Amino acid sequence: MENNNLDEIDIKILNALQDNSEISFETLGKDLGVSKSTIHYRVMNLKERGVIKKFAAIVDPEKVGMGILAVSLIRAHYNPGYVEYIGDKLKNIQGVWGVYFLIGEHDFVVLIRAKDKDDLNRIVETFISMKEIERSNTHVIIKKIKEDIRVDI
């Protein structure tokens with residue numbers, strides 16, 4: 001895969017921002033040995049090119065009452081355009097935070113955050129009530145070993 005024409009400075013900027021997106025351009029420039037305006041220009045360029053998608057707060061789901069994490073493997077009925085159609089329906093269900101299309105025995109993997117058992121049940125019931133879904137196999141995660149949104153560059 002291409003690295004989108006990233007040079008060493010771009011990679012250092014991206015790694016630093018993934019560690020702390022609140023770091024000032026001035027501090028980052030000093031750390032990397034370049035000017036604040038160079039950092040500003042490069043960050044704006046990375047945003048324009050879509051390398052940096054957005055800056056956002058990372059919220060701890062458990063601290064906002066979304067302590068149940070589950071993964072659902074879904075098998076759907078094949079029809080032309082079903083990936084987009086079913087994917088759109090799944091991604092719009094409250095509590096679903098990731099939907100991925102698979103090749104193999106299952107068609108989709110859906111990542112779920114729920115408040116409690118009843119909330120999880122509501123989400124799963126929504127899947128299985130969809131006529132396009134043949135089967136759903138949901139697994140509740142009981143211990144998080146690693147969860148990191150950083151991208152190794």
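As the structure is a prediction and not an experimental result, all values here were calculated from the model.

J.: Just checking my understanding: could you explain the nonpolar core for this structure?
T.: Note that soluble globular proteins tend to have their nonpolar side chains buried in a common cluster. Grouped together as the largest cluster of nonpolar side chains are 19 residues, with contacts concentrated most on Ile86, Leu90 and Phe127. If you list the elements that add at least two residues to this core, you get strand S1 (68–76), helix H4 (82–91), strand S3 (108–114) and helix H5 (117–128). Residues contacting Phe127, with those up to four places away along its chain left out, are Ser72, Ile74, Leu90, Ile93, Val96, Val110, Ile112, Ile133 and Ser136. In terms of nonpolar packing, the next biggest core, distinct from the first, is built from 12 residues, Leu17, Leu28, Ile39 and Leu46 among them.

J.: Any chance you could explain the layout of surface pockets here in plain terms?
T.: Remark: the empty space left among the atoms is shown by a probe the size of a water molecule rolled over them. If you add up the space inside the largest pocket, you get close to 1600 Å³. If you go around the largest pocket, you meet 41 residues; those closest to its centre are Gln18, Ile58, Ile149, Arg150 and Val151. Among the secondary structure elements, those contributing two or more residues to the lining of the largest pocket are helix H1 (8–19), S1, strand S2 (96–101) and S3. Of the residues assigned to the lining of the largest pocket, the class counts are 23 nonpolar, five polar and 13 charged.

J.: Help me understand the packing of aromatic side chains in this model?
T.: The geometry of an aromatic ring pair is captured by two quantities: the separation of the ring centres and the angle between the planes. Going through the model one piece at a time under the given rule, you end up with four aromatic pairs. Residues Tyr82 and Phe101 carry aromatic rings whose centres are separated by 6.2 Å and whose planes lie at 85° to one another, so their mutual orientation is edge-to-face. Note that Tyr82 is positioned in helix H4 and Phe101 in strand S2, a separation of 19 residues in sequence. Under the relative-accessibility criterion, Phe101 is labelled partly exposed at 42%. Aromatic pair Phe101 and Phe108: ring centres 5.7 Å apart, planes at 65°, arrangement edge-to-face.

J.: Before we go on, may I ask you to explain H1 in this structure?
T.: Every α-helix winds through 3.6 residues per turn, so residues three or four apart in the chain are directed the same way. Its 12 residues place the ends of H1 17 Å apart at the C-alpha level, agreeing with the 16 Å of an ideal helix rising 1.5 Å per residue. For H1, the complete set of buried residues consists of Ile9, Asp10, Ile13, Leu14, Ala16 and Leu17. Around the axis of H1, the buried residues are gathered within 165° of arc, so they sit on the same side. Opposite the buried face of H1, by more than 90 degrees, sit the exposed residues Glu8 and Asp19. Tucked into the core, H1 has its buried residues touching helix H2 (25–32) and helix H3 (36–48).

J.: Any chance you could explain the environment of Phe25 here in plain terms?
T.: Its place among the elements puts Phe25 in helix H2. Judged by its relative accessible area of 22%, Phe25 falls in the partly exposed class. Along the backbone, Phe25 and Glu147 are 122 residues apart, and their C-alpha atoms lie at a distance of 27 Å. Not counting residues up to four positions away in its chain, the partners in contact with Phe25 are Lys36, Ile39, His40 and Val43.

J.: Is there a simple way to think about the pairing of S2 in this case?
T.: Every other side chain in a regular strand lies on the same face of the sheet, so the side chains alternate between the two faces. When S2 meets S3, the two strands line up antiparallel, connected through five bridges. Across the sheet, the residue bridging to Gly98 is Leu111, located in S3.

Thresholds applied
- Residues numbered from 1 in each chain as written.
- Predicted model: local features only at pLDDT ≥ 70, side-chain atom pairs only at ≥ 80, totals over all residues.
- Heavy atoms only, no water.
- Core = buried A, V, L, I, M, F, W, Y, C linked by side-chain atoms within 4.5 Å.
- Buried < 20%, exposed > 50% of the residue type's maximum accessible area, 1.4 Å probe, protein only.
- Helix = DSSP H or I, 4+ residues; strand = E, 2+ residues; numbered from the N terminus.
- Contact = heavy atoms within 4.5 Å.
- 1 Å grid on protein atoms, 1.4 Å probe; cavity = no way out; pocket = protein on both sides within 12 Å on 5 of 7 lines; lining within 4 Å.
- Points joined across faces, edges and corners; volume = space filled by probe spheres on them.
- Nonpolar A, V, L, I, M, F, W, Y, C, P; charged D, E, K, R; others polar.
- Phe/Tyr/Trp six-rings, centres within 6.5 Å; stacked < 30°, edge-to-face > 60°.
- Expected span 1.5 Å × (residues − 1).
- Arc of directions from axis to C-beta.
- Pairing = 2+ DSSP bridges.

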